[in-house]
Amino acid sequence: MPISRFRRVLLCGTFAALILTVALLAAACGSTPEESTTSTTIAPSTTSTSTAATESTTTTAGQTSQEFVFGMLFVGPYNDHGWSQAHYEAGTYVESKLPGAKMIYVDKANTSDRPGTTPDQLAEDLVNQGAQMIFFTSDDMKDGAYAFARNHPNIPVVFASGDGAWKDGKDYQNLPNLSDVMGKMEYGKMIAGVAAALTTQTGKIGYLGPLINDETRRLAASVYLGAKYAWTELLKKNPADLKFTVNWIGFWFNIPGVTSDPTQVADNFYNQGFDVVVSGIDTTEALVEAGRLSEAGKKVWAIPYDYVGALDEAPTVALGVPYFNWGPAYLQYVTAAREGQWSSFWQWLAPDWTDINNPDTSIVGFKKGEGLSADASAKVDDFTKALAGGLNLWTGPLNLQDGAPYLKDGEVATDQQIWYLPQLLQGMEGQSVSE
Amino acid sequence: MSDARTSHSTPTRLRSLLTGDAWINFGLQIGALILAFLLTSCILLVAGAPPFEAYKQVFLGAVGSVTSFSNVLVAWVPLLLAAAGVLVTFAAGLWNIGVEGQIVLGAVLTTWVLRLLQDTAISPVVIILLAILAGVVGGALWAVLAGVLKTFGGVNEIFGGLGLNFVATALTLWLIFGPWKRPGIGSMSGTEPFPERLGLPTMAGLRVSPWSLGLGILAVILVFVLLERTYFGLRLKAVGKNTRAAFLLGVPTWQYGLLAFLFCGGLAGLAGAIQVTSVYHRLIPAISSGYGFMGLMIGMLIAYRAIWVAPVALFFAALNIGSIQLPIVLKLDSTLSGVLQGALVLFVLLVEGARQRYMRRVRMRIAAPTTLEAPLSASGET
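Keep in mind that what you see is a predicted model, and the values were worked out from it rather than measured.

Criteria and thresholds
Residues numbered from 1 in each chain as written. Chains lettered and ligands numbered in written order. Predicted model: local features only at pLDDT ≥ 70, side-chain atom pairs only at ≥ 80, totals over all residues. Heavy atoms only, no water. Helix = DSSP H or I, 4+ residues; strand = E, 2+ residues; numbered from the N terminus. Buried < 20%, exposed > 50% of the residue type's maximum accessible area, 1.4 Å probe, protein only. Contact = heavy atoms within 4.5 Å. Areas by Shrake-Rupley, 256 points an atom, 1.4 Å probe, with all protein chains shown as cover. Salt bridge = Lys/Arg side-chain N within 4 Å of Asp/Glu carboxyl O. Pairing = 2+ DSSP bridges. Axes fitted to C-alpha atoms, helices over the stretch in contact; angles between N-to-C directions. Phe/Tyr/Trp six-rings, centres within 6.5 Å; stacked < 30°, edge-to-face > 60°.

> Please explain the overall build of chain A as it appears in this structure.
Within chain A, the regular secondary structure consists of 12 helices and 15 strands. In chain A, buried positions account for 56% of the 435 residues. Pairs at least 24 residues apart make up 67% of the contacts formed inside chain A by residues separated by at least 6 positions. Element-wise, carbon and sulfur atoms account for 53% of the exposed surface of chain A, whose accessible area totals about 16,900 Å².

> Can you walk me through the pattern of salt bridges in this structure?
Working definition: two side chains of opposite charge can pair if their charged atoms are close together. Counting across every chain of the model gives 18 salt bridges over all chains. The salt bridge involving A:Asp375 is made with A:Lys379; its shortest N-O contact spans 3.1 Å. Here A:Asp375 and its partner A:Lys379 are both found in helix H11 (residues 374-388), 4 residues apart, which amounts to about one turn of the helix. Of the charged contacts in the structure, one is a salt bridge between B:Glu352 and B:Arg355, with a shortest N-O distance of 3.2 Å. One end of the pair, B:Glu352, and the other, B:Arg355, are both in helix H16 (residues 336-367), 3 residues apart, so they sit about a helical turn from each other.

> I keep staring at the sheet that holds strand S7 (residues 243-248) of chain A and nothing clicks. Help me out?
The pairing of strands in a sheet comes from backbone hydrogen bonds and takes either a parallel or an antiparallel form. Residues and elements named next belong to chain A. Here 5 strands make up an open sheet; going across it, the order is S9-S8-S6-S7-S15 and the pairing parallel. Each of the sheet's edge strands pairs with one partner strand only, and the pair in question is strand S9 (301-303) and strand S15 (428-429). The sheet contact formed by strand S8 (residues 276-279) and S9 spans 3 bridges and is parallel. Paired with Val276 across the strands is Trp301, a residue of S9. In this fold helix H8 (residues 262-271) packs onto strand S6 (204-209), S7, S8 and S9, with an angle of close to 170° to the strand it touches most, S6. The strands touched by helix H9 (residues 285-295) within the sheet are S6, S8 and S9, with S9 carrying the most contacts at an inclination of about 165°.

> Quick question: what am I supposed to make of the packing of aromatic side chains here?
The description of an aromatic ring pair rests on the distance of the ring centres and on the angle between the ring planes. Residues and elements named next belong to chain A. Applying the stated criterion across every chain yields a total of 35 aromatic pairs over all chains. With a centroid separation of 6.1 Å and an interplanar angle of 55°, the aromatic rings of Trp346 and Trp348 are classed as tilted. Classification of Trp346 as buried rests on a relative accessible area of 18%. On the accessibility criterion, Trp348 (9% relative accessible area) is buried. On the basis of an interplanar angle of 85° and a centroid distance of 4.9 Å, the ring pair of Trp348 and Trp419 is categorised as edge-to-face.

> In this structure, what is going on with the sheet that holds strand S3 (residues 133-136) of chain A? I would like to understand it.
Residue and element names in this part refer to chain A. Strand order across the open sheet formed by 6 strands is S2-S1-S3-S4-S5-S11, with parallel pairing between neighbours. Strands at the two margins of the open sheet, each flanked by one partner only, are strand S2 (101-106) and strand S11 (346-349). Pairwise comparison of adjacent strand axes, ignoring direction, gives a mean angle of 20° for this sheet. With 4 bridges joining them, strand S4 (residues 157-160) and strand S5 (residues 178-183) adopt parallel strand pairing. Looking at S5, one finds that Phe159 is bridged to Asp180. Across the face of the sheet, helix H5 (residues 142-151) comes into contact with S3, S4 and S5 while running at roughly 165° to S4.

> Would you mind going over unusual backbone geometry with me for this structure?
Among all residues except glycine, the phi angle is most often negative; among peptide bonds, the trans geometry is most common. That bond from A:Gly396 to A:Pro397 is cis: its omega, 5°, falls within 30 degrees of zero. Structurally, A:Pro397 is set in the loop between H11 and strand S13 (398-399). With a phi close to 55°, A:Asn174 is a non-glycine residue in the positive phi region. Relative accessible area serves as the criterion here: at 55%, A:Asn174 is assigned to the exposed category. Even without being a glycine, B:Ser289 presents a positive backbone phi close to 55°. Mapped onto the elements of the fold, B:Ser289 is located in the loop between helix H12 (253-280) and helix H13 (291-301). Under the relative-accessibility criterion, B:Ser289 is labelled buried at 4%.

What follows is the structure in structure tokens.
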């Protein structure tokens, strides 16, 4: 018996040693291809360098001093036709505009897709691969972003959609390497609300909401404000005939078994007579479902969110898409980090009102879809112009959902009041906070 | 191999080689390992990725720096606890599929105690201790529930465990979106993080806590001693091998089964408690991180021999952490590590099955001329 036990211990050791050897062997064999892969991945940016600058500048020394690697964490798949893809494309935008800039990323950075990980841990993995600054691109990464910024004070950190660097905000973190950026999507959402109200024939608009927080409440409310405006001011209809219902799935996108199924939620809306569903989630289920039902003969429409290419999922039933164009802002952040000009700041950027769809200047845009009628399309354009001209729907009198006054008559909401909207607005149906 | 029939001069040696000799077993298991790597390499090639580069990235991602290795250790601890736990139930012949839910319940009870006591004047050390203890109790009770369902309700522990896993998840989701929601927020993201003082202290600049590491290692030693060195372990194995025989020999069989559940659940609950107090610092829907099922895989892979838990769990943890490099560097899905883990278990079981079949055949052939010696060969290691 003691011999066999001794043997087992011996075997254990040998086994471990063998695994180690195999791994080392793999490492040794892999070292040559590794160099070739890095050089091939760098290649595209080198070519863009040579187009921008003269051939002679692309010496090895110049290249290394120019190369700047930025790491990005996406909460969903990089090709989700929504929130994450918008950030991914912003990364490629920076790569194309800034010679030497190189993006590395981890997508599906959430605990359901990558069990056992935390955002700060994934960010460290990116740093180990050479990232010199990190973009945390989802609200879901808030705690991880702060933890990472705290533990790595020399690495510039961008937290998209956050308020941790907002000195006048409620969640100011005082981390010198942390900056925030957000687009004033309220405008895009108000335009979406106008398009929805001009199109609905049943007077019932559904809002497919993600989880419930300050951001999602104010965006859902923006859609409602736009819809109410179009309904009462443009169509001159009775406000009581407009039904606006919010249904939250519980997270930014579908996690089977954890969230409500967004396809199911959209389907329920359509089956209950809601003929326009405005999506607030990261992915395109509402539009896909509208396309499916439309093929079956139902008159329904949808408005996706986040990503300009989302319309392609079902072009004929799409009224348009309010989308983020993070590229120009990210270019500014990466340039600042590369040039050592980094400072902590918070930006809540408005669209470029001269052309909200300018890919080089406007962080928020609205692309109209094929489903929008010619008349509605013209009215949407007029509304956009009115917004550019100073029309502000976040003006009192407005009450919160429970009837408590939010804005007095004529009072214009401050940034704080909009950002931290505590409830949905009066007239909206659905949960303001979870029960 | 046809020698078995022709050379009767060395039947004993041959038999010991085929049936009992550990080196043959070892060789076979290495063969399984190679097969698993081959299969994974094929999948990598189909995906258009260089296999060696992929393995290298995984390896470097796991042990390339102190930080990454400490992350491996963070994943190692709950895996150790879950795998060590299921060994106890395996020994008693029980398939504790519910280990996943037991981790979750451990995490839930730990979170509950932390929530209850976080604003009191009680010292953080005491709060953490109580919270971890609550986690152990939570996991143990959830496991005993599966045991009771089996013993008194006639519900097979596999189905009972699966059902209880679902209940545990549903409970977690309800708590996170309902009573334990973050103020003003309704999100499946998780509960409000606990303040730093309510987390297990970590090593400087790293994520791993020496306390959780110590608890994990202690648990494995405990299970090893329990199964290999104690009368209790021997009886437990007797119940596992042949319940009826054990019963006739005077072992209180169902009590032993329940004790095995209790023990395994306690360890799983501890894993959940550590996930809350030292990894996530809050309750999230995926708090168990799949470590329970992975623990079951490890249990099968090592054929329930406690001495192997630590290295194999370390290997699995390293795969999990290292594979995050795959999407970063090679744009590959990191679930590839899961493929390798699954293939490994599959091939080891396959090879073991093939070996046993072959053994039986050889034994029958040899048994014909030397009937008397035959039963002896059966006592060899399996």
